[in-house]
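One-letter residues, chain by chain:
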Amino acid sequence: MALMGGPDPYSEPDASQEKPFLLRALQIALVVSLYWVTSISMVFLNKYLLDSSSLQLDAPIFVTFYQCLVTTVLCKGLSTLAACFPGTVDFPTLCLDLRVARSVLPLSVVFISMITFNNLCLKYVGVAFYNVGRSLTTVFNVLLSYLLLKQTTSFYALLTCGVIIGGFWLGVDQEGAEGTLSWTGTLFGVLASLCVSLNAIYTKKVLPVVDGSIWRLTFYNNVIACVLFLPLLLLLGELQALRFFVQLGSAHFWGMMTLGGLFGFAIGYVTGLQIKFTSPLTHNVSGTAKACAQTVLAVLYYEETKSFLWWTSNLMVLGGSSAYTWVRGWEMKKVQEEPSPKEDEKSSMRV
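Residues numbered from 1 in each chain as written. Predicted model: local features only at pLDDT ≥ 70, side-chain atom pairs only at ≥ 80, totals over all residues. Heavy atoms only, no water.

Observations concerning the packing of aromatic side chains
As a reminder, the rule being used: Centre distance within 6.5 Å is the pairing criterion for rings of Phe, Tyr and Trp, where only the six-membered ring of Trp is used; planes under 30 degrees apart are then read as stacked, over 60 as edge-to-face, and the remainder as tilted. When accessible area is computed with a 1.4 Å probe and restricted to protein chains, residues below 20% of their type maximum are described as buried, those above 50% as exposed, and intermediate ones as partly exposed.
In this structure the tally under the stated criterion is 18 aromatic pairs. Considering the side-chain rings of phenylalanine 168 and tryptophan 169, the 5.6 Å spacing of their centres and the 70 degrees angle between planes classify their relative orientation as edge-to-face. Since its relative accessible area comes to 4%, phenylalanine 168 is described here as buried. Ring centres 6.3 Å apart and planes at 5 degrees place the aromatic pair tryptophan 326 and tryptophan 330 in the stacked group.

Written out as structure tokens, the structure is:
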């Protein structure tokens with residue numbers, strides 16, 4: 001949600017640097033806290049909607065469909081408000097163009113797969129294991145960057161990927177030892193990780209089609225998702241399951257469903273906000289720390305008891321992810337500091 005003065009993650013935070021240190025520290029603390037609360041709340045709420053014994057709703061595709069519908073309505077609503085109040089709300093104009101939709105369609109298929117596999121993974125595994133189950137995103141980033149973009153990765157970055165893979169397998173082993181392993185959920189987690197990586201790669205390719213607007217791309221992805229989910233709901237029998245769902249007329253149920261959609265929409269906004277007030281590197285570190293806090297909260301909330309090796313697997317995944325972020329940041333900084341060949345020629349000519 002890009003309101004007036006909303007976040008632009010690609011803008012330079014010059015204005016914030018002129019503010020007093022305490023004010024900047026307070027802003028950063030509030031933004032990071034907002035990101036943590038939104039992200040963690042969304043995961044716990046989705047777990048409730050997907051796999052709650054009190055709700056007893058076996059319709060993960062419908063839950064995902066409804067969240068996409070909420071995002072579509074919010075995007076269109078904000079676009080309308082921006083047109084009516086141009087001095088108050090800043091949001092891109094959204095009009096459905098079939099030619100643009102055809103260009104976005106391949107990415108939308110990846111996007112649909114990503115959010116569906118994410119929710120299916122969360123349905124079948126516990127919140128505590130959810131982070132480990134989807135931990136291979138970094139590994140797929142490296143693999144797909146080489147296969148699709150021909151980009152090589154340094155030895156140290158590959159070493160951190162090895163730590164992540166080791167943590168993943170140890171986590172799977174420990175879940176199996178405790179009798180709580182779901183191979184179905186684990187498979188969906190691996191597929192979700194693959195789709196997250198593919199989504200990041202194809203988003204860069206498709207952005208020019210929507211004039212570089214993330215919100216316009218979000219609108220198209222969710223509109224197409226709503227259309228493609230309809231035959232899936234029919235084929236998988238979820239519409240039939242909804243007919244016999246006891247709480248279909250419950251205001252509490254629809255309130256929770258709508259809140260889940262709001263959190264799904266808000267996470268994009270607070271992510272951009274956190275990047276704006278910190279940096280992409282700090283955002284990744286914050287995301288890793290958030291995953292750690294989320295795991296601890298899940299173990300406490302669901303009153304679970306985990307072994308030392310189970311916690312070790314989580315630390316390996318989190319540590320490997322943090323190390324990869326640090327290595328890539330260090331490598332990028334090193335490349336930026338190295339003088340280009342043209343600059344070397346100019347300096348030699350001056351001598």
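Some words on the UniProt feature "transmembrane region" (unreviewed entry) in the chain
The condition is simple: UniProt positions are given in the numbering used here, feature names are shortened, and annotations may be inferred rather than shown by experiment. Counting from the N terminus, the helices are DSSP H or I runs at least four residues long and the strands are E runs at least two residues long.
UniProt marks residues 21-44, 64-88, 100-117, 129-148, 155-172, 184-202, 214-233 and 253-273 with the feature "transmembrane region" (unreviewed entry), using the numbering shown here. Between the C-alpha atoms that bound residues 21-44 the distance is 34 Å, and the span itself is 100% helix and 0% strand. Taken end to end, residues 253-273 is 100% helix and 0% strand, and its two terminal C-alpha atoms sit 30 Å from one another.

Let's talk about the nonpolar core
The condition is simple: By nonpolar core is meant a set of buried Ala, Val, Leu, Ile, Met, Phe, Trp, Tyr and Cys residues that side-chain atoms within 4.5 Å join together. The domain boundaries here were taken from an automatic or database domain assignment. Throughout, a residue-residue contact means that at least one pair of heavy atoms, one from each residue, lies within 4.5 Å.
Judged by nonpolar contacts, the single largest core of 84 residues is most densely connected at Leu57, Phe62, Phe91, Val104 and Phe229. Residues from two domains meet in this core; each of domain 1 (50-125 + 182-277) and domain 2 (152-178 + 279-336) gives at least three. Ignoring any residue separated from it by four or fewer positions in sequence, one finds valine 104 in contact with Val206, Val210, Leu217, Tyr220, Asn221 and Ile224.

Brief notes about the domain arrangement of the chain
For clarity, the cut-off: Here, a salt bridge means any side-chain nitrogen of Lys or Arg that lies within 4 Å of a carboxyl oxygen of Asp or Glu.
For the chain, the assigned domains read domain 1 (50-125 + 182-277) and domain 2 (152-178 + 279-336). The centre of domain 1, based on its C-alpha atoms, is set 26 Å off from the matching centre of domain 2. Across the boundary between the two partners, domain 1 contributes six residues, which contact six residues of domain 2. Our enumeration of links across domain 1 and domain 2 arrives at zero salt bridges.

Overview of the confidence of the model for the chain
Here is the rule we go by: Each residue carries a pLDDT value, the predictor's own confidence for that position, ranging from 0 to 100.
Across the chain, the average pLDDT comes to 87, with 91% of residues at 70 or higher. Predicted confidence is poor over residues 1-17, with pLDDT under 50, and the contacts of this stretch with residues over four places away or in other chains come to 29 contacts.

As for the side chain of threonine 295
Structurally, the position occupied by threonine 295 is in helix 12 (residues 280-301). Here threonine 295 falls in the buried class, since its relative accessible area comes to 2%. Setting aside chain neighbours within four positions, we find threonine 295 in contact with Ala128, Asn131, Trp310, Trp311 and Asn314.

A word on the layout of surface pockets
Let me state the cut-off plainly: Cavity means a closed set of points on a 1 Å grid over the protein atoms alone, one where a 1.4 Å probe fits but cannot get out, pocket means an open set with protein on both sides within 12 Å along at least 5 of 7 lines, and lining means a residue has an atom within 4 Å of a point. Grid points are joined across faces, edges and corners, and a volume is the space filled by probe spheres set on the points. Three categories are distinguished: nonpolar for Ala, Val, Leu, Ile, Met, Phe, Trp, Tyr, Cys and Pro, charged for Asp, Glu, Lys and Arg, and polar for the others, with Gly belonging to the last.
Taken as a whole, the second largest pocket spans an internal volume of roughly 180 Å³. Along the walls of the second largest pocket sit Leu96, Leu98, Ala101, Arg102, Leu105, Tyr220, Val223, Ile224, Val227 and Leu228, which together make up its complete lining. Where the lining of the second largest pocket is concerned, the elements lending two or more residues are helix 4 (98-124) and helix 9 (214-235). Class assignment of the residues belonging to the lining of the second largest pocket gives a composition of nine nonpolar, no polar and one charged.

Thoughts on the side chain of threonine 325
The following threshold applies: We define a polar contact as two N or O atoms separated by no more than 3.5 Å, with the added condition that, inside protein, one atom must be a possible hydrogen donor and the other a possible acceptor, whereas residues neighbouring each other in sequence contribute only through side-chain atom pairs.
Along the polypeptide, threonine 325 turns up in helix 13 (residues 308-337). A polar contact of 3.0 Å, which involves the side chain of threonine 325, links it to the backbone oxygen of serine 321.

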